[in-house]
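Observations on the model geometry
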Amino acid sequence: MGRIKIFDTTLRDGEQSPGCSMNLAEKLQVATQLEKLGVDVIEAGFAISSPGDFESVKSIAELVKNCTVASLSRALEKDIDAAWEAVKNAADPRIHTFIATSPVHMEYKLKMTPEQVIERTAAMVKYAAKYTSNVEFSCEDAMRSDPDFLVRVCDTAIKNGAKVLNIPDTVGYTTPNEMREMIEYLIKNVPNSDKAEFSVHCHNDLGMAVANSLGGVLGGALQIECTVNGLGERAGNTSLEEVVMAMNTRPDLYGELPRIDTKQIYRTSKLVYNIIGQSAPHNKPIVGANAFAHESGIHQHGVLANKSTYEIMTPESVGVQTNQMVLGKHSGKHAFSEHLKQLGYDLTDDQIVEAFGRFKDLCDKKKTVTDGDIEALVSNTATVEEKYKLVFFDVKTMGKMGVGSTICLKKDNEFIEQTSLGDGSIDSLYAAIDKIVQPPEHVLDKFKINAVSEGQDTLGEVTLKLQSNGKSYSGRGLSTDIIEAGIMAYLNAINKLMQ
Ligand code: KIV
Ligand code: ZN
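Residues numbered from 1 in each chain as written. Chains lettered and ligands numbered in written order. Predicted model: local features only at pLDDT ≥ 70, side-chain atom pairs only at ≥ 80, totals over all residues. Heavy atoms only, no water.

1. Quick look at the coordination of the zinc ion (ligand 2)
Asp13 (OD), His201 (NE2) and His203 (NE2) make up the full set of protein donors to the zinc ion (ligand 2), lying at 2.0 to 2.1 Å. With a relative accessible area of 3%, Asp13 lands in the buried category. (Donors = N, O, S within 2.8 Å, 3.2 Å for Na, K, Ca; no water. Buried < 20%, exposed > 50% of the residue type's maximum accessible area, 1.4 Å probe, protein only.)

2. A closer look at the layout of surface pockets
Roughly 1300 Å³ of volume is contained in the largest pocket. Around the largest pocket, the lining comprises 45 residues; the ones closest to its centre are Tyr266, Ala289, Val320, Val452 and Glu454. Listing elements by their share of the lining of the largest pocket, those giving two or more residues are helix H11 (265-276), helix H15 (371-378) and strand E12 (443-451). The element contributing the most residues to the lining of the largest pocket is H11, with five residues. Its residues assigned to classes, the lining of the largest pocket shows 15 nonpolar, 18 polar and twelve charged. (1 Å grid on protein atoms, 1.4 Å probe; cavity = no way out; pocket = protein on both sides within 12 Å on 5 of 7 lines; lining within 4 Å. Points joined across faces, edges and corners; volume = space filled by probe spheres on them. Helix = DSSP H or I, 4+ residues; strand = E, 2+ residues; numbered from the N terminus. Nonpolar A, V, L, I, M, F, W, Y, C, P; charged D, E, K, R; others polar.)

3. Let's talk about the site of ligand 1
The environment of ligand 1 is formed by Arg12, Asp13, His96, Phe98, Ser138, Glu140, Asn166, Pro168, Thr170, His201 and His203. Contacts to ligand 1 include His201, whose side-chain N or O atom sits 3.1 Å from an oxygen atom. In the model, an oxygen atom of ligand 1 is placed 3.0 Å from a nitrogen or oxygen of the His203 side chain. If ligand 1 stood free it would expose 260 Å²; the protein chains cover 94% of that surface. Of all elements in the fold, only helix H1 (10-14), strand E4 (93-100), strand E5 (135-140) and strand E6 (164-169) reach the threshold of two or more residues within the shell around ligand 1. A breakdown of the residues in the shell around ligand 1 according to their chemical character gives two nonpolar, six polar and three charged. (Near = heavy atom within 4 Å. Polar contact = N/O pair within 3.5 Å; in protein donor to acceptor, adjacent residues only side chain to side chain. Areas by Shrake-Rupley, 256 points an atom, 1.4 Å probe, with all protein chains shown as cover.)

4. Looking at the pattern of salt bridges
Side-chain pairs of opposite charge can arise where the charged atoms are in close proximity. A complete count under the given rule lists 27 salt bridges for this structure. Measuring nitrogen to oxygen at the nearest pair gives 4.0 Å for the salt bridge that ties Lys195 to Asp194. The class of Lys195 is exposed, set by a relative accessible area of 53%. As a salt-bridge pair, Lys396 and Asp394 come within 3.1 Å of each other at their nearest N and O atoms. A relative accessible area of 35% places Asp394 in the partly exposed class. Each of the salt bridges in this network shares a partner with another, and the network as a whole consists of Arg3, Asp40 and Arg259. (Salt bridge = Lys/Arg side-chain N within 4 Å of Asp/Glu carboxyl O.)

5. Points about the sheet that holds strand E14 (residues 471-479)
Taken in spatial order, the three strands line up as E12-E13-E14 in an open sheet, and their pairing is antiparallel. Two strands lie at the open edges of the sheet, namely E12 and E14, each paired on one side alone. Averaged over all adjacent pairs, the angle separating strand axes in this sheet is 15 degrees, with direction ignored. The pairing of E12 with strand E13 (residues 460-468) spans eight bridges and is classified as antiparallel. Directly across from Phe447, in E13, lies its bridge partner Leu464. (Pairing = 2+ DSSP bridges. Axes fitted to C-alpha atoms, helices over the stretch in contact; angles between N-to-C directions.)

Laid out in structure tokens, this is it:
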């Protein structure tokens, strides 16, 4: 058994799922954070799928230095060409090519016979291997494929140059034991199986993706494909934070641990949620608000006596900050930036100046500024140019007539004011913003309010999503005034839409 490698596909399998799309700046931010987290491979996208995807894979490949960068490609020459063109400047580029191997996929989707699939595998792995020796091959829907056919496909892939053989449970159908047995079977029966590493890629349709991935590791897989927060098609993929912490908590079971810096887990999760305009369900393992909370008296008593009575890992081990009141209105920029470093944030000078301004504003409004507040302030900054900025707003409730709002926005050096009526504050303010910006037709799809910490003066966080022309745009706003947070979230999304 060797060290388990973490292949992150948040920017491909995660990003392609509904409501999770990201712009280039956001993808670069996620890639930088994944590098810091210590993943082994970043699957940056599916280069052939669109010019935007191609550009983002290329930019990530050129940015990232400490991990492999892969692009997905179907087993087609033009896909492989695009994948290589996009990743070739990476420090360690990988082409990840795939073809389906299950009877149902071969017959109805590919309309190919098993023999044709074998031939295509041989030809396309060979084609990819002309570009690089770092070729990964996936048997799509492997867990509903005939194991002996998989043996033949894997053998063909190895013979033609594949170095990683990925066994996906594409439809989330398998069980941990089956996955373990499948990997064991392949390692035992594929000739020269030691010339490649086996990998698992599980979907979560029955809630077993993490368990199935761990089953694969017990069977001998050396790579786990996963996504931050378990994002992905339908019910998602194996969640990176869960599978990594499962291995870290039980090193007695899972061989050599991944090289992940677990203290970066919470930050990575929060960044990705912020970008896609969602937040963790409270009971989500590792990163949910209740993941380390002890409510019942018996549990609290036990934890006070000795944490290990009810805690199998510490919040600190995944980067959750538990201390209160760290800095106040008298703290200077130097102390602020030193504290950010301690929290693990590595911001540029300009970003520090910007964040410090917001920190000072917050100190004027809030008695106790916690690490959680500071993290909320600096997480996911500057992913979009703020073409329209909020200057001021005013809201008047008028009983049965609804609400009348005035808003003033700054665009370049121009101040533009508008008023509008609506059913409620948010409705009227958003209508006033629309009058100023005149964005393309869009609908407000999701709107969520979240309290960052406790107390009446807590920072309110609004995350939302707009749909326009089949695309979704997320927005996030943060303020001690929840209406202002709502305006900022809307402007954040509108600025993306107008970009
Ligand atoms: O789920 C799947 O089968 C995939 C492959 C393309 C690796 O995402
Ligand atoms: Zn998948």
